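# Observations on the model geometry
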Amino acid sequence: MAPTVNPTDTAERLAFYERIGRNNLAPLWTSLAKLVTPEPQSACEPASWRFSDIRAAMLEAGGLITAKEAERRVLILENPGLRGESRITTDLYAGVQLVLPGEVAPAHRHTQSALRFVLEGAGAHTSVAGERTTMNEGDFIITPPMAWHDHGNASNQPVFWLDGLDIPLVQFLDASFAEHLDVDEQPISRPEGDSEARYGTNLLPVDYKGGTGNSPVFNYPYLRTREALERMRRAEPWDACHGLKMRYTNPASGGHAMTTIGTFVQLLPQGFSSVTYRSTDATVFVPMEGRGRTRVGDDFVVEWQKRDIFVVPSWKSVRHEADEESVLFSFSDRPVQEALHLFREKRGDRE
Ligand code: 1HN
């Protein structure tokens, strides 16, 4: 096991470090303890945002800049331990986006993957790779890498959604590419609902070979998800850690819906109090129904209600308590950790 304390600095050692530093050399023995830790040590902190605060700030932003001028009118959710770095966890980005009636967020594409989770509004739309889909509350919508995407709002109410992207991960890998289209809205080549019919009804085109690993279904409507949870609860015993928790999948592979971001939804019955759980994937939670609280580690408690957002860092213990029947959407980097065989979880211990 790696040492937990560094060897002491002596005048002679410090002089040596200074001399070799001029040659871009550094001793490992002064850094080893912080590089190889017995358990995850993260700058990411537990944090929460009330939707009412975000909403008020977003409407103010709506008076300051148009969606078109901003390209994306978004307020970034910055982890308090990672301020200025546009991260909600060490390797994921999150922000809340507002599109006002009549506005368009112009078409672009990039190597970063994006998810949208619709917080408030009905009838706005996003177009992804030539197909338009309507955005309703609780819908989970995917923008795969390098898919053209633009958003619009022809409804008469503002639409707010949560964006989750793998920006810090792609940044770490130095793999960012992006392009703008020369028109605000991309040409539409397929009718609305085409992907759902083709890939999302337990059918696949006979020659479909699985594409890029990202799901060919790009809108997972809340109504269908909620109905599935409602049916399952009749037969399924509640899991002590998660209530009734499902992951969104790529129907062509059974894998995660996105290659870099794992997405989940869980139902907690009224009065539910979970057993402690921890996992190595720092997770962003969004309650979409109900009211309750989540205890993170020993000294952080978030009292949450519908549309609030909170984040649990890697390997911090989590306990959920639901005062009302609640539904939580969540996302994390779990697919990446699983692919690299780094994912770990632990059920039921109390520190
Ligand atoms: C992006 O493309 C969107 O398409 C939202 O709505 C937020 C943050 C950073 C980079 C690209 C969008 C983004 C983003």
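Look a little higher up for the structure.
Quick summary incoming for the structure in this document.

So, how was this worked out
- Residues numbered from 1 in each chain as written.
- Predicted model: local features only at pLDDT ≥ 70, side-chain atom pairs only at ≥ 80, totals over all residues.
- Heavy atoms only, no water.
- Buried < 20%, exposed > 50% of the residue type's maximum accessible area, 1.4 Å probe, protein only.
- Helix = DSSP H or I, 4+ residues; strand = E, 2+ residues; numbered from the N terminus.
- Pairing = 2+ DSSP bridges.
- Near = heavy atom within 4 Å.
- Areas by Shrake-Rupley, 256 points an atom, 1.4 Å probe, with all protein chains shown as cover.
- Nonpolar A, V, L, I, M, F, W, Y, C, P; charged D, E, K, R; others polar.
- Contact = heavy atoms within 4.5 Å.
- Polar contact = N/O pair within 3.5 Å; in protein donor to acceptor, adjacent residues only side chain to side chain.
- Axes fitted to C-alpha atoms, helices over the stretch in contact; angles between N-to-C directions.
- Core = buried A, V, L, I, M, F, W, Y, C linked by side-chain atoms within 4.5 Å.

With that out of the way, let us pick up the pairing of strand β16 (residues 283-289). The buried fraction of β16 is high, at six of seven residues. Here β16 runs beside strand β19 (residues 309-312); their pairing, made up of three bridges, is antiparallel. What sits directly across from Val 284, in β19, is Val 311.

Here we take up the site of the ligand. In the vicinity of the ligand, the contacting residues are Arg 72, Tyr 93, Gln 97, His 108, His 110, Arg 116, His 149, His 151, Asp 163, Leu 165 and Ile 167. When the ligand is considered free in solution it has 330 Å² of accessible area, and contact with the protein chains removes 83% of it. Breaking the shell around the ligand down by element, the ones donating at least two residues are β3 (93-99), β4 (104-110), β9 (149-152) and β10 (159-165). Residues that form the shell around the ligand fall into these classes: three nonpolar, five polar and three charged.

Examined against the element boundaries, Asn 219 turns out to sit in strand β12 (residues 219-220). We classify Asn 219 as buried; its relative accessible area is 11%. Each C-alpha atom of the pair Asn 219 and Arg 83 lies 32 Å from the other, and the pair is 136 residues apart in sequence. If we skip the residues at most four places from it in the chain, Asn 219 touches Thr 133, Thr 134, Asp 139, Phe 140 and Ile 141. Within the local environment of Asn 219, its side chain forms a polar contact with the side chain of Thr 133, the two groups lying 2.8 Å apart. Among the polar contacts made by the side chain of Asn 219, one reaches the main-chain carbonyl oxygen of Thr 134 at a distance of 3.1 Å.

Before going further, it helps to spend a moment on the sheet that holds β19. The strand order across the open sheet built from six strands is β1-β19-β16-β21-β14-β13, with neighbouring strands paired in antiparallel fashion. With partners counted over all chains shown, the strands left at the sheet margins are β1 (47-49) and β13 (244-247), one partner each. Across the sheet, the axes of successive neighbouring strands diverge by a mean angle of 20°, strand direction being ignored.

Neither face of β19 is exposed, since Ile 309 and Val 311 on one face and Phe 310 and Val 312 on the opposite face are all buried. When β1 meets β19, the two strands line up antiparallel, connected through three bridges. From the neighbouring strand, Ser 48 faces β19, where its bridge partner is Phe 310.

The next point concerns the nonpolar core. Generally speaking, nonpolar side chains in soluble globular proteins are found buried as a group. Leu 77, Phe 117, Leu 119, Phe 140, Leu 162, Ile 309 and Phe 331 are the most contacted members of the largest nonpolar core, which has 48 residues in total. Excluding its chain neighbours within four sequence positions, the residues that come into contact with Leu 77 are Trp 49, Ile 54, Arg 87, Ile 88, Ala 94, Gly 95, Val 96, Leu 162 and Ile 309.

Here we take up unusual backbone geometry. Positive phi, close to 55°, is recorded for Ser 86, a residue that is not glycine. Looking at where Ser 86 falls in the secondary structure, it is placed in the loop between β2 (74-76) and β3. Judged by its relative accessible area of 25%, Ser 86 falls in the partly exposed class.

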